[in-house]
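So the chains spell out like this:
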Amino acid sequence: MKTLVLYATQYGYTADCAARLKAELVGDVTLVDLGKQSAPELGGYDAVIVGGSIYMGRVQAKVSVFCAAHEGELLQKTLGVFLCCGVPQSLEESLAASFPESLKKHAKAVGCFGGELRTARMKPMHKLIANMMQKAGGKSGIEPPKPNPQAVLDFAAAMNA
Ligand SMILES: Cc1cc2nc3c(=O)[nH]c(=O)nc-3n(C[C@H](O)[C@H](O)[C@H](O)COP(=O)(O)O)c2cc1C
């Protein structure tokens, strides 16, 4: 089984989730950061997993553009899609804004791996928004972003099944 994991990340949380997936998936797994590398030809892979992180309701354009451009090929693969996000309550909207409906329906696993605000490395505008998310979380009772490592394990188990 050859699996390709394509992902995009801004501050590394999604990259860490992708690395954890690689450790959990059976068979030969290749990781590709779409922010740094081009996607290889999909022909050599049995399974493809595509994911990214949500900023202002949308996944990175490299992820959504890739999915739209390769929709037909991805529908021929064993497929998984995942998002890293701080507001799991908005997951359905975030998924709808990120992946074509056909891919979500076809996917063997759809994951939401939680999120992490890595403020130390953020550009100023993102740091401002991250601070607002943390403060708003405290006030409104909605929790600030937090990692969900169990969701990564559950996703890997569903892909391996
Ligand atoms: C400026 C900014 C905007 C964000 N917007 C959203 C959002 O609209 N919805 C959401 O669920 N999470 C949002 N998040 C949370 C990120 O998706 C989360 O921190 C994620 O783990 C980032 O992963 P990365 O480090 O791989 O980019 C936002 C975070 C920042 C810093």
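It should be emphasised that the depicted structure is a prediction, and the values quoted were computed from it without experimental measurement.

Undergrad: So what's going on with helix α4 (residues 91-98)? Which residues, and what values?
TA: Along α4, the positions that sit buried rather than exposed are Ser-94, Leu-95 and Ser-98. The buried residues of α4 occupy an angular sector of 100 degrees when the element is viewed end-on, so they sit on one face. Exposed residues lying more than 90 degrees from the buried face of α4 are Glu-92 and Ala-96. Those residues of α4 that are buried are in contact with β3 (47-55), β4 (58-59), α2 (61-69), β5 (78-84) and α5 (101-106).

Undergrad: Give me the lowdown on the pairing of strand β1 (residues 2-7), citing residues and values where you can.
TA: Burial of β1 is extensive: five of the six residues sit out of reach of the surface. Where β1 meets strand β2 (residues 28-33), six bridges bridge the pair, whose relative direction is parallel. Of the residues in β2, the one forming a bridge with Leu-6 is Val-32. For the crossover from β1 across helix α1 (residues 13-24) to β2, the handedness is right-handed.

Undergrad: Let's hear about the nonpolar core: which residues, and what values?
TA: With 37 residues, the main nonpolar core has Val-5, Leu-21, Val-48 and Leu-83 as its most contacted residues. Those elements giving two or more residues to this core turn out to be β1, α1, β3, α2, β5 and α7 (149-160). Element by element, the count of residues in this core is highest for β5, at five residues. Ignoring sequence-local partners within four residues, the contact set of Val-48 consists of Leu-4, Leu-6, Leu-42, Leu-74, Lys-77 and Leu-79.

Conventions adopted
- Residues numbered from 1 in each chain as written.
- Predicted model: local features only at pLDDT ≥ 70, side-chain atom pairs only at ≥ 80, totals over all residues.
- Buried ≥ 20, exposed ≤ 12 C-beta atoms within 10 Å, placed from the backbone.
- Helix = DSSP H or I, 4+ residues; strand = E, 2+ residues; numbered from the N terminus.
- Arc of directions from axis to C-beta.
- Contact = placed C-beta atoms within 7 Å.
- Pairing = 2+ DSSP bridges.
- Right-handed = clockwise from strand over helix to strand, strands pointing away.
- Core = buried A, V, L, I, M, F, W, Y, C linked by C-beta atoms within 7 Å.

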